[in-house]
Amino acid sequence: MGAYDTLRIAGSSLGMHQTWLDALAYNIANVNTVVPTDQDAFQAQLVVAGADPEGGVEVRGVALTDPEGLLKHDPGHPLADEDGYVRAPATDLASQMSQLIIAQRGYQASVQTTKYAQDAYSSALQIGAR
């Protein structure tokens, strides 16, 4: 595997981790979004990743969580139904924050791998120029 392969693979990882980070940020921003009970709850985005046949990783799609969500009793809420319920997402903030840390670490590792590959490629060019 050459420096170009390493850069391509690390680049694919950067793209996948960025997509994952974006989805997690969207989910976290909407963790407290409620709607009337006759509507679908906010559906969190789940990034589906897989191995790229050429090496690296690719985003295969984005799945959504269950639109059923959770019914919460909040009679004072302006969107509450006649029984005092609103529909909230079934998104666990602690889980989303944990995944955010994992995605950030993966992104940082990909950045570092890219830097190392660029340094190796640059050194190889300097050796070849002598």
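A brief structural summary. (Residues numbered from 1 in each chain as written. Predicted model: local features only at pLDDT ≥ 70, side-chain atom pairs only at ≥ 80, totals over all residues. Heavy atoms only, no water.)

### Considering the overall build of the chain
Within the chain one finds two helices and four strands. On C-alpha atoms alone, the chain measures out to a radius of gyration of 21 Å, which is more than a quarter above the 14 Å that the 2.2 N^0.38 rule sets for 130 residues. Overall size of the chain, expressed as C-alpha extent along the three principal axes, is 80 × 25 × 15 Å. Relative to its full complement of 130 residues, the chain shows a buried share of 27%. (Helix = DSSP H or I, 4+ residues; strand = E, 2+ residues; numbered from the N terminus. Rg over C-alpha atoms; globule rule 2.2 N^0.38 Å. Buried < 20%, exposed > 50% of the residue type's maximum accessible area, 1.4 Å probe, protein only.)

### Notes on the environment of Asp38
Note on placement: Asp38 falls in the loop between helix 1 (3–29) and strand 1 (45–51). Once the C-alpha coordinates of Asp38 and Val86 are considered, the two residues, 48 residues apart in sequence, prove to be 8.9 Å apart.

### Things to note about the nonpolar core
Ranked by size, the top nonpolar core spans five residues in total: Trp20, Leu21, Leu24, Leu100 and Ala103. Of all elements in the fold, only helix 1 and helix 2 (93–129) reach the threshold of two or more residues within this core. When residues of this core are assigned to their parent elements, the largest contribution, three residues, is made by helix 1. For Leu24, the residues in contact, after removing those within four places along its chain, are Gln96, Gln99, Leu100 and Ala103. (Core = buried A, V, L, I, M, F, W, Y, C linked by side-chain atoms within 4.5 Å. Contact = heavy atoms within 4.5 Å.)

### Focus: the side chain of Asn27
Looking at the secondary structure, you find Asn27 in helix 1. In this structure the side chain of Asn27 is engaged in a polar contact, spanning 3.0 Å, whose partner is the side chain of Gln96. When near neighbours in sequence (up to four residues on either side) are disregarded, Asn27 contacts Phe42, Ala44, Gln45 and Gln96. (Polar contact = N/O pair within 3.5 Å; in protein donor to acceptor, adjacent residues only side chain to side chain.)

### Concerning the pairing of strand 1
Where strand 1 and strand 2 (residues 57–64) come together, seven bridges link them in antiparallel fashion. Paired with Gln45 across the bridge in strand 2 is Leu64. In this structure, the hairpin formed by strand 1 and strand 2 is closed by a connection of five residues, where Gly55 is found at a positive phi of approximately 110 degrees. (Pairing = 2+ DSSP bridges.)

### Regarding the pattern of salt bridges
Once their charged atoms are close, side chains differing in charge can pair, the charge on each being opposite to the other. Tallying each qualifying case throughout the model produces four salt bridges. Linking Glu68 and Arg87 is a salt bridge whose minimum nitrogen-to-oxygen distance equals 3.4 Å. With Glu68 in the loop between strand 2 and strand 3 (70–73) and Arg87 in strand 4 (residues 85–88), this residue pair connects regions lying 19 residues apart in the sequence. Classification of Glu68 by relative accessible area gives partly exposed; the value is 46%. (Salt bridge = Lys/Arg side-chain N within 4 Å of Asp/Glu carboxyl O.)

### Comments concerning a nonpolar patch on the surface
Taken together, the side chains of Val59, Val62 and Leu64 define a hydrophobic patch exposed on the protein surface, amounting to about 240 Å² of accessible area. Turning to its location among the elements, Val62 is positioned in strand 2. (Patch = residues over 30% accessible without salt bridge, like charges linked within 9 Å, V, L, I, M, F, W, Y side chains within 5 Å. Areas by Shrake-Rupley, 256 points an atom, 1.4 Å probe, with all protein chains shown as cover.)

Coordinates in, geometry out; function isn't part of it.
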